Amino acid sequence: MITAQQMRASRALLGIDQRQLAGLAGLSLPTIQRMESSDGQVRGVIDTLVKVIGALESAGIELIGENAPSTGIGRGVRLRETMDGKAANPVGSILFDQTKAEAE
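Participant: So what exactly am I meant to see when it comes to the nonpolar core here?
Facilitator: Note on soluble globular proteins: their nonpolar side chains tend to be buried together. Within the largest apolar cluster, 17 residues are counted, with the highest numbers of intra-cluster contacts made by Ile2, Met7, Ile32, Met35, Val42 and Val52. When contributions to this core are tallied by element, the ones reaching two or more residues are helix H1 (4–14), helix H2 (18–25), helix H3 (29–36) and helix H4 (46–58). Ranked by the residues each element gives to this core, the list is headed by H4, at five residues. Beyond its immediate chain neighbours, meaning those up to four positions away, methionine 7 contacts Ile2, Leu21, Ile32, Met35, Glu36, Val42 and Val52.

Participant: Just to check I follow, could you spell out the packing of H2 against H4 for this structure?
Facilitator: If you want to describe how two helices pack, look at the angle between their axes and the distance between the axes. Across the interface, H2 lies against H4 with an axial gap of 8 Å and an inter-helix angle of 100 degrees. Considering the angle they form, H2 stands roughly perpendicular to H4. Where H2 abuts H4, its residues Leu21, Leu24 and Ala25 lie against Lys51, Val52, Ala55 and Leu56. Broken down by class, the residue content of the contact of H2 with H4 amounts to six nonpolar, no polar and one charged.

Participant: Just to check I follow, could you spell out the packing of H1 against H3 for this structure?
Facilitator: Contact pair H1 / H3: the axes reach a minimum separation of 8 Å and the direction vectors enclose 120 degrees. By the criterion of interaxial angle, the relationship of H1 to H3 is oblique. Residues Ala4, Met7, Arg8 and Arg11 of H1 form the contact with H3, whose own contacting residues are Ile32, Met35 and Glu36. Here the residues of the contact of H1 with H3 are counted per class, giving four nonpolar, no polar and three charged.

Participant: Is there a simple way to explain the confidence of the model for the protein chain in this structure?
Facilitator: Regions with low pLDDT should not have their predicted coordinates read in detail. Predicted confidence across the protein chain gives a mean pLDDT of 79, with 71% of residues reaching 70 or more. Within the protein chain, the element-level pLDDT minimum falls on helix H5 (residues 100–103), averaging 46, and the maximum on H2, averaging 97. Below a pLDDT of 50 lies the segment residues 89–101, which in the model reaches ten contacts outside its immediate sequence neighbourhood of four places, other chains included.

Participant: Would you explain the pattern of salt bridges in this entry?
Facilitator: If the charged atoms of two oppositely charged side chains come close together, the side chains can form a pair. Scanning the model with the defined rule gives two salt bridges in all. As a salt-bridge pair, lysine 51 and aspartate 47 come within 3.7 Å of each other at their nearest N and O atoms. Taken as a pair, lysine 51 and aspartate 47 lie in helix H4 at a separation of four residues, close to a single helical turn. Accessibility expressed as a relative area gives 34% for lysine 51, which makes it partly exposed. Classification of aspartate 47 as partly exposed rests on a relative accessible area of 45%.

Participant: I tried to follow H3 on my own but got confused; where do I start?
Facilitator: Side chains of residues three or four places apart in an α-helix project in the same direction, reflecting 3.6 residues per turn. The complete set of buried residues in H3 reads Leu29, Thr31, Ile32, Met35 and Glu36. Down the axis of H3, the smallest arc covering the buried residues is 160 degrees, so these residues share one side. Looking at the buried side of H3, the elements it contacts are H1, H2 and H4.

Criteria and cut-off values
Residues numbered from 1 in each chain as written. Predicted model: local features only at pLDDT ≥ 70, side-chain atom pairs only at ≥ 80, totals over all residues. Heavy atoms only, no water. Core = buried A, V, L, I, M, F, W, Y, C linked by side-chain atoms within 4.5 Å. Buried < 20%, exposed > 50% of the residue type's maximum accessible area, 1.4 Å probe, protein only. Helix = DSSP H or I, 4+ residues; strand = E, 2+ residues; numbered from the N terminus. Contact = heavy atoms within 4.5 Å. Axes fitted to C-alpha atoms, helices over the stretch in contact; angles between N-to-C directions. Parallel < 35°, antiparallel > 145°, perpendicular 65-115°, else oblique. Nonpolar A, V, L, I, M, F, W, Y, C, P; charged D, E, K, R; others polar. pLDDT = per-residue confidence, 0-100. Salt bridge = Lys/Arg side-chain N within 4 Å of Asp/Glu carboxyl O. Arc of directions from axis to C-beta.

Structure representation (structure tokens):
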């Protein structure tokens, strides 16, 4: 449905923080924090996920599923495969993510 990485990237594109996303979605800040701290796909109550997705889409975000084409125009972010068709190696982010080695 939505990944924690998509949530963080969406907020970055909108220039909003977790508190502002919570307000847009009508949810609590700890709920957004919990969702964004998930590893991979966000799990939770369907109604909560729908509220977050609705808030992001209302703000202009197009969530693109894996291997799905984008029908919109404008700028965006998507992870891609390398030239040999394999998934890119995770490099981590000093702001959000850890590399696999750091997590273990």
